[in-house]
Amino acid sequence: MMIPFALIFSFSHQSAPSHTVKHKAPVVDQKSNLNGRVFIIMYHHIKDGANPMFRSAAKFRKDLERMYGMGFRPVTVTDYVNNTMKVPSGKTPVVITFDDAHDDQFHILKDGSIDPKSAVGIWKKFADEHPDFPVVGTWYVLPNLWGQEKLVQKKIEMLQSWGSEIGNHTVHHGDLRKMSDATVMKELGDMNLRLQKLGVPANMPFCPPYGSFPKNKALLKSFKYNGTTITHSSACQAGWCPAYSPNDKKHFSKYFMLRLHGNGRQYGIDWWLNEVQAGRCKVYKAL
Ligand SMILES: [Zn+2]
């Protein structure tokens, strides 16, 4: 139902004349909320186990189902930082990210099909059943690139063809805060150049291992490396809460994006989705 703007305005201001508001104002489910929070979810392994870095295949599938039912639709990190998150009116963008390029994220079987137990297999099947929840996410990779060397190029092309993007997660997954500027540039620069050769656009998203930023934060954005200018379009954190809306100019930063864990612990995905359902976390909703 369309609700006139003036009506929404009057409900949200307590200064309305008392004779017109005799009862508590009804809750108005505003269709859009461009300043609401954005979930950027961080997954690592898709496998069974109690480790906070693990999410079982069954639970990952349930995450997709739950988010879909709550009106979330997937976008990339680049869509988020550029404020170009295209989801239908009233829907909520979600950025699904995967770190470390583990083989359980994207595995291809001997017959050429995608392992249905891997993250991509689960998500692709879900996307085939729900075409408005495509495999659109951000994959922060290390040089192992999901572990099947001969299939690396093919996997990157498959992800890109569905609308996903690849991001840099360094070469050796070290703690950037403890490194010299020269080592930081080597870690970011070598991986960036390696990914460019595989068809990843040069100005790619970046994810510092452990959410640990280099002392010289200017290096996150751009630097000269062996005569080449290396640039990264954003940098994300490890996680504990949803990110600020890109319209929230006071808090939003392309080079300090907050993420939350895709696990069942406190401040993980289950916890935050419960907060949304309880009305305590207001999420972004598209116009
Ligand atoms: Zn990592």
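Residues numbered from 1 in each chain as written. Predicted model: local features only at pLDDT ≥ 70, side-chain atom pairs only at ≥ 80, totals over all residues. Heavy atoms only, no water.

1. Brief notes about the overall build of the protein
For clarity, the cut-off: Labels follow the DSSP assignment, with helices taken as runs of H or I lasting at least four residues and strands as runs of E lasting at least two, numbered in each case from the N terminus. Buried means the residue's accessible area, taken with a 1.4 Å probe over protein chains only, is under 20% of the maximum for its type, while exposed means over 50%, and partly exposed covers the values in between. Note on definitions: a residue-residue contact is assigned when non-hydrogen atoms from the two residues lie within 4.5 Å. Method for areas: the Shrake-Rupley scheme with a 1.4 Å probe, in which residue coverage is limited to the protein chains shown.
Looking only at helices and strands, the protein has seven helices and eleven strands in total. Going through the 287 residues of the protein one by one, you find that 48% of them count as buried. Long-range pairs, those at least 24 residues apart, make up 69% of the contacts in the protein with a sequence separation of at least 6. Of the roughly 14400 Å² of accessible surface on the protein, a fraction of 55% belongs to carbon and sulfur atoms.

2. Details of the packing of aromatic side chains
Note the following rule: Between the rings of Phe, Tyr and Trp (Trp by its six-membered ring), a pair exists once the centres lie within 6.5 Å; its type follows the angle of the planes, with under 30 degrees stacked, over 60 edge-to-face, and the other angles tilted.
Counting across every chain of the model gives 16 aromatic pairs. On the basis of an interplanar angle of 80° and a centroid distance of 5.9 Å, the ring pair of Tyr68 and Phe126 is categorised as edge-to-face. Linking Tyr68 in helix H2 (residues 57-69) with Phe126 in helix H4 (residues 119-129), this pair joins segments that are 58 residues apart in sequence. Judged by relative accessible area, Tyr68 falls into the partly exposed class, the value being 21%. Between Phe106 and Trp162, the aromatic rings sit 6.5 Å apart at their centres with planes inclined by 40°, giving tilted as the arrangement. Placement of Phe106 in the loop between strand S5 (92-99) and H4 and of Trp162 in helix H5 (residues 152-162) is noted, with a sequence separation of 56 residues between them. For Phe106, a relative accessible area of 0% puts it in the buried group.

3. Quick look at a nonpolar patch on the surface
Going by this rule: Patch building starts from residues that exceed 30% relative accessible area and form no salt bridge, then joins like charges within 9 Å and nonpolar side chains (Val, Leu, Ile, Met, Phe, Trp, Tyr) within 5 Å. Every case where a carboxyl oxygen of Asp or Glu lies within 4 Å of a side-chain nitrogen of Lys or Arg is listed as a salt bridge.
Nonpolar side chains collect at one region of the surface, where Trp240, Phe256 and Tyr267 lie side by side and expose about 310 Å² of accessible area between them. Topologically, Phe256 is positioned in the loop between strand S10 (228-239) and strand S11 (257-261).

4. Focus on the side chain of Thr92
Selection criterion: Here a polar contact is recorded for every N or O atom pair within 3.5 Å, except that within protein the pair must consist of a potential hydrogen donor and a potential acceptor, and residues adjacent in sequence are included only if both atoms are side-chain atoms.
Residue position: Thr92 is located in strand S5. Among the polar contacts listed, one links the side chain of Thr92 to the backbone oxygen of Tyr284, at a separation of 2.9 Å. Other than its neighbours up to four places away in sequence, Thr92 contacts Gly71, Phe72, Arg73, Val87, Val283, Tyr284 and Lys285.

5. Concerning the coordination of the zinc ion
Under the convention used in this document: Nitrogen, oxygen and sulfur within 2.8 Å of a metal are treated as its donors, or within 3.2 Å for sodium, potassium and calcium (Na, K, Ca); water is not counted, so a site can appear incomplete.
Distances from the zinc ion to its protein donors, Asp100 (OD), His169 (NE2) and His173 (NE2), fall at 2.1 Å. Site description for the zinc ion: donor spacing in sequence, D-x68-H-x3-H. Placement of the pair is Asp100 in the loop between S5 and H4 and His169 in the loop between strand S7 (165-168) and helix H6 (181-197), with a sequence separation of 69 residues. According to the relative accessible area criterion, His169 is buried, its value standing at 1%.

6. A word on the environment of Thr138
As for its position among the elements, Thr138 is in strand S6 (residues 138-141). What makes Thr138 buried here is its relative accessible area of 0%. Between the alpha carbons of Thr138 and Met42 there is a distance of 9.6 Å; along the sequence they are 96 residues apart. Setting aside residues no more than four positions away along its own chain, Thr138 makes contact with Thr76, Val77, Val95, Ile96, Thr97, Phe98, Glu165 and Pro205. Side chain to side chain, Thr138 and Glu165 meet in a polar contact 2.7 Å long.

7. Looking at helix H7 (residues 269-277)
Test applied: Directions from the helix axis toward the C-beta atoms define the arc.
Within H7 the residues assigned to the buried category are Ile269, Trp272, Leu273, Glu275 and Val276. For H7, the arc enclosing every buried residue in end-on projection is 155°, short of the 170-degree limit, so these residues lie on one face. Where the residues of H7 are buried, they touch strand S1 (39-43), strand S3 (54-55), H2, strand S4 (72-75) and S11. Count one or two residues on from H7 and you reach Gly279, which has phi positive near 80°.

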